[in-house]
Structures are given as C-alpha cells and as structure tokens.
Amino acid sequence: MGEARGAVVVIGASAGGLRALSAVLAALPADYVRPVVVVLHVAENGGGLLPELWSGALAVRVKEAVDKEPLLPGSVYLAPPGYHLLVEEDRSISLSVDPPVRFSRPSIDVLFQSAAAACGADCIGIVLTGANEDGSAGLRSIREEGGTAIVQDPRTAEYKRMPQSALEAAGADFVLAPEKIGDWLRRNS
Amino acid sequence: MTDKLTEKLTDKLTEKLEAELLLEALYRKYGCDFRQYAQSSLMRRLNNVRLQAGAKSLSELIPLVLHDQAFANGMVQDILVTVTEMFRDPPFFAELRTKIVPILKTYPFVKIWLAGCATGEEAYSMAIVLQEEGFYDRVQIYATDMNERSLEIAGEGIYPAESLRSYTANYHASGGRSSFSDYYVANYRMAKFRDELKRNIVFSNYNLVTDHPFGEMHLIVCRNVLIYFNRELQAQVLGLFDASLVHRGLLCLGSKETLDFTPYASKYETLSPKWKIYRQRTQ
C-alpha cells in the first residue's frame, strides 16, 4: 500500500443541506486531521458564496475546490457549481464537466464512487438531507470497498428522501443527527 | 474481513492493469493516446463503455478494440464526449472584452488559438465579441480539437434551437451589445450561426498530446480541457502553450483550473484571478 494515509471524509447533501452541513462542520476543530470533500446541490450560478459565508463561523478552513489541488488535513473542499468533483489516488482533486448524472452536476454519486475507488477502506461517506436519491449508489460503493458509511437520521432531516434511499440501498455503519455526526468525526480521528 | 479487503485490493490492481492494457491497445493500434488522462474521470468513462458493451471486465474490451474498428471509434467518441455552450461563464467573456481586447488591440494583427474547441460554441462566441469590439478583421482564430465529429459540427455552426434561450441570457450577461438573434437564423428545431462569423475561424484537427507547437499566438484559450489530463500531461501541454505564445502572450484556463500547482506558475502574471487569465512575464 505504500505509506499509510489517513481517511478522506466525503459528504453529500441536497435540499436542506446547508443547515445540516453547518452542524456537522461546526464540530470539527481547526486541527482536524482529515480532509473533507463536500458536494452540496445548489443552483448552477449560486453557491460560489458559500466559502465566504462560512469563513469565521467555522474552525476548519472551507474553500471551493480547484482542479489538481492536493487534499490537506483540516480543510473542507466544496465542489464548484457546474462541475463534478472526483478524488484521485494521490489524494488530490480532479474536476470534470462530464454531463450531469441523474440531473446533478456536481453529483454525489460521482464523488463517492471516485473516493471509494481511490481510497478504498480509507473513506468515510456521509449522506445528509435531500429530496432526491443522489448518493445512494455511491455510498454502496464506499461500503463495498470497506469504507465507513454514516447517514443522517431521517427523523432529523429536513428532507428525508436522500438519507432514506441511502439506507435502503447501502445501509450504514451509523445513523445519527448532524451534530452527532460531527462529534463522531471529531472523536474518531 | 482482512481477507476480503486483500481480495478487494487485488481486484483493484487487476482492474488498473486491464485499463492500462486497454489504453495501450487504443494507442498502439489507432494512435489515440489516453494513457496520461486523469485517472478518476477516465475510469468512469471506461466503465460506462464497458457497461454499454455488456462486458464484465475491461479486458473483455481489448479484443473488440483490436478487431472491430467501429467499436474502437465509438469508444474513442465516448471517451472524448464534451459538453459546452455559447458564452459559458459569461463573466469570463466580460473580462475578455474589458481586459484582453484592449491588449490585443495594440497588435496590428492577432492570432488566437482555441485549444479543445469541441463543437465550436466558444469559437462563435469569441468571434461575436471581437466583431462587436470592432477589430475582428485583424484577427485569425485557430479552433482545434482532436474529435473529428465535433469539428464537423463546429464547421456547420448549427445547434439545437432549445439552447438559444440560455445562450441569449449568457450573451447579455457577458456584456453583449446587440440583439443575439442578429447572429443566427433559426427554425423551431435548429439555429444556424451566420457564415460571416466564421470568416476568420479555421477549424482543424489537432492533438494536444502528440502534435507540435503551433506558432506565434497572441492568445491561447483552453478552458476545461486540462482537467482531464494528469499532472504530468498537464505540465507537458502547458509547455506546448508556452512555446506557442508570442513574448508576453496571454493564456486563459477554465475558472476552476490554475497554474498554481504547475511548473509554469512563476512564468506568468495573473490578470484575472477569478477567471484565470494569465500573461507571460517579461523574461
């Protein structure tokens, strides 16, 4: 396997995702040891402001991902609107403008499947609130590769369909409220 | 559990080897070189081809590539599939008008290279900007792509009418000064862009991976192409661009691409940090 590398955290969220995601990320300290990569569905020309919105409010550094950027611990990378975001084996980011997958670009499945292939068991996949089924197939890939799956407890989700669908398709190692997901990440690092 | 993970790891190494052999077959037989493409996107595309062909593993595609030219052609098309639009990223074209055009106007004659022009939408967008800025007749645009089928569409300049609404919005958001409908004729299904727009555009086949520098360009625009290449190939192609530019030439990348992680970072100054417009520094 070469040198030991820590796990990468990948998170997918859609409708209602801003609040849930903020709750997860708020639990992470500035010296958090893992990189966190996020697909949040937003309108194609919106969303670019999110990193600024969060700056100051969170301990971890949030930025919009750039192609070929290396993944650093304690940094949160957001997929830019209109691009798929993929993780490479050397722990860097690739973007693509391939057609939308299930009407989404960025697609959670594309991120999760690339992370499963690139990181194998060293991957923690998290599905939060949303009104579609993006992320289900990707979470299944992560589990098949031996990675960890966490799904937001549908009872705590503004939109239940996405977490419910992920649970049906992939199951999960943990089903938790967003704040608890953040706590889990902090404790298991 | 550990045995299962070891098995997974072996499967993954095998799949990687299969992908390498398949790409080698495509390259050795047809000269199409995808061997240095960024792994994640490429594997996605290869696995899509595999699923469509009903194959269980990538190595099952190798005999098809070697013995069935139609299959190989289809596969290359699938790997090269591109989606683009007119005036994609309107603020980029606004920057083009306000920051780049004034620099270009200082030259008596200007050569522009659109590398990876796909089906031509960006070339027509560029021609419209230059025409409105009143100096299109001092410009030659070289629009290149390695996909012959895309180039045919580009040369025709005919696009689905359903895209017109978003193209028109993009055009106005980019600072367009006319009525966008002046630039095309449309029926309910298709829109054909006016031939006079392409009077200074040459569409031609060019392979960024294998072809040679292509000289004395004042501006090279290559947006969302290098994202498909791995770091080594990206650096190689940036070297090709660097060698193809005039002294102090301009280079535009996609807005989510950067020179930062490349060997060329210090050779260029940044004219537009957000829209990734660079200019060669004085040596």
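Every value quoted in this text rests on a predicted model; they were computed, and no experiment measured them.

Caption draft 1: A look at the pattern of salt bridges. Residues and elements named next belong to chain B. Counted according to the given criterion, the structure contains 27 salt bridges over all chains. The closest approach of N and O atoms between Arg97 and Glu133, which form a salt bridge, is 3.2 Å. You can see Arg97 sitting in helix H5 (residues 90–104) and its partner Glu133 sitting in the loop between helix H6 (121–132) and strand E2 (139–145), a full 36 residues away along the chain. For the pair Arg97 and Glu133, a shared accessibility class is recorded, and that class is buried.

Caption draft 2: Representation of the packing of helix H4 (residues 136–144) of chain A against helix H5 (residues 161–170) of chain A in the model. Residue and element names in this part refer to chain A. Contact geometry for H4 and H5: axes closest at 8 Å, N-to-C directions at 40°. Considering their axes alone, H4 and H5 lie oblique with respect to each other. Judged by the twist between their axes, the crossing of H4 over H5 is right-handed. Contact with H4, carried on its side by Ser136, Leu139, Arg140 and Arg143, involves Met162, Ser165, Ala166, Ala169 and Ala170 of H5 and no other residues of that element. Along the lines of polarity and charge, the residues of the contact of H4 with H5 split into 5 nonpolar, 2 polar and 2 charged.

Caption draft 3: The arrangement of the interface of chain B and chain A in detail. Facing 26 residues of chain B, the contacting portion of chain A comprises 36 residues. For the pairing of chain B and chain A, the buried interface totals around 2500 Å² over both sides, and the portion due to carbon and sulfur atoms is 51%. Inspection of the region where chain B meets chain A yields 5 salt bridges. For A:Asp90, the salt bridge goes to B:Arg231, with nearest N and O atoms at 3.3 Å. Counting across the interface, chain B meets chain A through 15 residue pairs in polar contact (both at pLDDT 80 or more). For the side of chain B that touches chain A, the elements supplying multiple residues, two or more each, are helix H1 (2–30), helix H2 (39–52) and helix H9 (231–244) of chain B.

Caption draft 4: Region of interest: the nonpolar core. B:Phe34, B:Leu46, B:Trp113, B:Leu208, B:Phe241 and B:Leu251 are the most contacted members of the largest nonpolar core, which has 78 residues in total. Ranked by residue count, the leading element in this core is helix H3 (residues 108–119) of chain A, at 7 residues. Structurally, this core is a two-domain feature, drawing no fewer than three residues from each of domain 1 (2–80) and domain 2 (90–280) of chain B. Sequence-distant contacts of B:Leu208, defined by excluding residues within four places in its chain, comprise B:Trp113, B:Ala115, B:Val225, B:Phe229, B:Val237, B:Leu240 and B:Phe241.

Caption draft 5: Broad picture of the UniProt feature "domain: CheR-type methyltransferase" (unreviewed entry) in chain B. Under the UniProt annotation, the feature "domain: CheR-type methyltransferase" (unreviewed entry) is placed at residues 26–259 of chain B. Across residues 26–259 of chain B one finds 42% helix and 18% strand; the C-alpha atoms that close the span lie 30 Å apart.

Caption draft 6: Quick peek at the domain arrangement of chain B. Residues and elements named next belong to chain B. The domain boundaries assigned to chain B delineate domain 1 (2–80) and domain 2 (90–280). For domain 1 versus domain 2, the distance between C-alpha centres works out to 31 Å. Contact with domain 1, which involves 8 residues of that partner, is made by 11 residues of domain 2. Together, the buried faces of domain 1 and domain 2 total about 1100 Å²; carbon and sulfur atoms form 54% of this surface. It is Gln36, Tyr37 and Gln77 in domain 1 that bury the most area against domain 2; as a group they hold 50% of the surface buried on that side. Across the contact surface, domain 1 and domain 2 share 0 salt bridges. There are 3 residue pairs in polar contact (both at pLDDT 80 or more) connecting domain 1 and domain 2. Only H2 and helix H4 (69–80) provide two or more residues apiece to the side of domain 1 that touches domain 2. Residue composition of the side of domain 1 that touches domain 2, by class: 3 nonpolar, 3 polar and 2 charged.

What counts and what doesn't
- Residues numbered from 1 in each chain as written.
- Chains lettered and ligands numbered in written order.
- Predicted model: local features only at pLDDT ≥ 70, side-chain atom pairs only at ≥ 80, totals over all residues.
- Heavy atoms only, no water.
- Salt bridge = Lys/Arg side-chain N within 4 Å of Asp/Glu carboxyl O.
- Helix = DSSP H or I, 4+ residues; strand = E, 2+ residues; numbered from the N terminus.
- Buried < 20%, exposed > 50% of the residue type's maximum accessible area, 1.4 Å probe, protein only.
- Axes fitted to C-alpha atoms, helices over the stretch in contact; angles between N-to-C directions.
- Parallel < 35°, antiparallel > 145°, perpendicular 65-115°, else oblique.
- Left-handed = near helix turned anticlockwise from the far one by under 90°.
- Contact = heavy atoms within 4.5 Å.
- Nonpolar A, V, L, I, M, F, W, Y, C, P; charged D, E, K, R; others polar.
- Buried area = accessible area lost by both parts, 1.4 Å probe.
- Polar contact = N/O pair within 3.5 Å; in protein donor to acceptor, adjacent residues only side chain to side chain.
- Core = buried A, V, L, I, M, F, W, Y, C linked by side-chain atoms within 4.5 Å.
- Domains from an automatic or database assignment.
- UniProt positions renumbered as here; feature names shortened; annotations may be inferred.

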